[in-house]
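# Breakdown of the fold
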Amino acid sequence: GEDVEQSLFLSVREGDSSVINCTYTDSSSTYLYWYKQEPGAGLQLLTYIFSNMDMKQDQRLTVLLNKKDKHLSLRIADTQTGDSAIYFCATAGNTGKLIFGQGTTLQVKP
Amino acid sequence: GAGVSQTPSNKVTEKGKYVELRCDPISGHTALYWYRQSLGQGPEFLIYFQGTGAADDSGLPNDRFFAVRPEGSVSTLKIQRTERGDSAVYLCASSQTGSTEAFFGQGTRLTVV
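To start, this report covers the structure provided alongside it. Treat the numbers as computed from the prediction; the structure is a model and nothing was measured. (Residues numbered from 1 in each chain as written. Chains lettered and ligands numbered in written order. Predicted model: local features only at pLDDT ≥ 70, side-chain atom pairs only at ≥ 80, totals over all residues. Heavy atoms only, no water.)

### What about the state of the cysteines?
Residue and element names in this part refer to chain A. Taken as a whole and judged by the stated rule, the model has two disulfides over all chains. With a sulfur-sulfur separation of 2.0 Å, Cys 22 is cross-linked through a disulfide to Cys 89. In this structure, the disulfide formed by Cys 22 and Cys 89 twists by about -65° around the S-S bond and is classed as left-handed. A residue pair is termed long-range when its members are at least 10 positions apart, and Cys 22 in strand β3 (residues 18-24) and Cys 89 in strand β9 (residues 85-92) qualify at 67 residues. (Disulfide = S-S within 2.5 Å. Helix = DSSP H or I, 4+ residues; strand = E, 2+ residues; numbered from the N terminus.)

### Comments concerning the nonpolar core
All names here are of chain A. Formed by 21 residues in total, the largest nonpolar core has its most connected members in Trp 34, Leu 72, Leu 74 and Tyr 87. For this core, the secondary-structure elements that each account for two or more residues are β3, β4 (31-37), β5 (43-50), β7 (61-66), β8 (71-76), β9 and β11 (104-109). Those residues in contact with Tyr 87 that sit more than four places away from it in its chain are Gln 6, Ile 20, Tyr 35, Lys 36, Leu 46, Leu 74, Ile 76, Gly 103, Thr 104 and Leu 106. (Core = buried A, V, L, I, M, F, W, Y, C linked by side-chain atoms within 4.5 Å. Buried < 20%, exposed > 50% of the residue type's maximum accessible area, 1.4 Å probe, protein only. Contact = heavy atoms within 4.5 Å.)

### A short note on the interface of chain A and chain B
Of the residues lining the interface, 18 residues belong to chain A; the matching set on chain B comes to 18 residues. Both faces combined, the contact of chain A with chain B buries some 1,400 Å², and carbon together with sulfur accounts for 55% of it. Here chain A and chain B share one salt bridge between them. There are five residue pairs in polar contact (both at pLDDT 80 or more) connecting chain A and chain B. Of all the secondary structure elements, the ones that give two or more residues to the side of chain A that touches chain B are β4, β5 and β10 (98-100) of chain A. The leading source of residues in the side of chain A that touches chain B is β4 of chain A, at four residues. Partitioned by chemical class, the residues of the side of chain A that touches chain B number 10 nonpolar, seven polar and one charged. (Buried area = accessible area lost by both parts, 1.4 Å probe. Salt bridge = Lys/Arg side-chain N within 4 Å of Asp/Glu carboxyl O. Polar contact = N/O pair within 3.5 Å; in protein donor to acceptor, adjacent residues only side chain to side chain. Nonpolar A, V, L, I, M, F, W, Y, C, P; charged D, E, K, R; others polar.)

### Comments concerning unusual backbone geometry
The residue after Thr 7 of chain B, namely Pro 8 of chain B, is reached through a cis peptide bond having omega -10°. Structurally, Pro 8 of chain B is set in the loop between β1 (5-7) and β2 (10-13). One non-glycine residue, Gln 59 of chain A, adopts positive backbone phi at about 55°. Not every positive phi belongs to a glycine, and Asp 78 of chain A is a case in point at roughly 50°. Tracing the sequence through the fold places Asp 78 of chain A in the loop between β8 and β9. On the accessibility criterion, Asp 78 of chain A (40% relative accessible area) is partly exposed.

This is the structure we're talking about:
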């Protein structure tokens, strides 16, 4: 079945760049998403990329997609302590049904 | 409403009891999704409604789980004979058909004791 894999934990210093990686198996995925979840809070959509794109930049966020390798990454420039959260990669087909990874906990040290 | 509303926010129930979880989507959103998030995991898809009908219920774990959306807006997830393994946060999301973005509610934390 469809599967999305992420590394579980990433620790960076404030001001550094963070790169969170994700791999997926479903080659028919139309959209690929990054969500942020803070403790006790709901899921917040950060950004998404359509499957026919290679890159998308949105302020401090850069998403890279390697469709051949089924690899997605999220780069956060100038990481701040407020960026500490769990980041989920997710894929979706045309119905909008999301398949999530297990989440990467980002720890930002001052 | 302004966002997706889920009630209750917390529910504690005894093993074997029946529970209902409610989701009030954003007004006008035709697509509605239920997910379940266990501790330390990503959300797992349960069921997807397009209007009143369940378009995809492949994620429901067994026949103790059932969901309805009789008028195409509010949805109720029903769990019979609850088990301790059902303890999780149940998330609801809604979107406009064809939209790339689904909006999530805050979830209902279900604890089965």
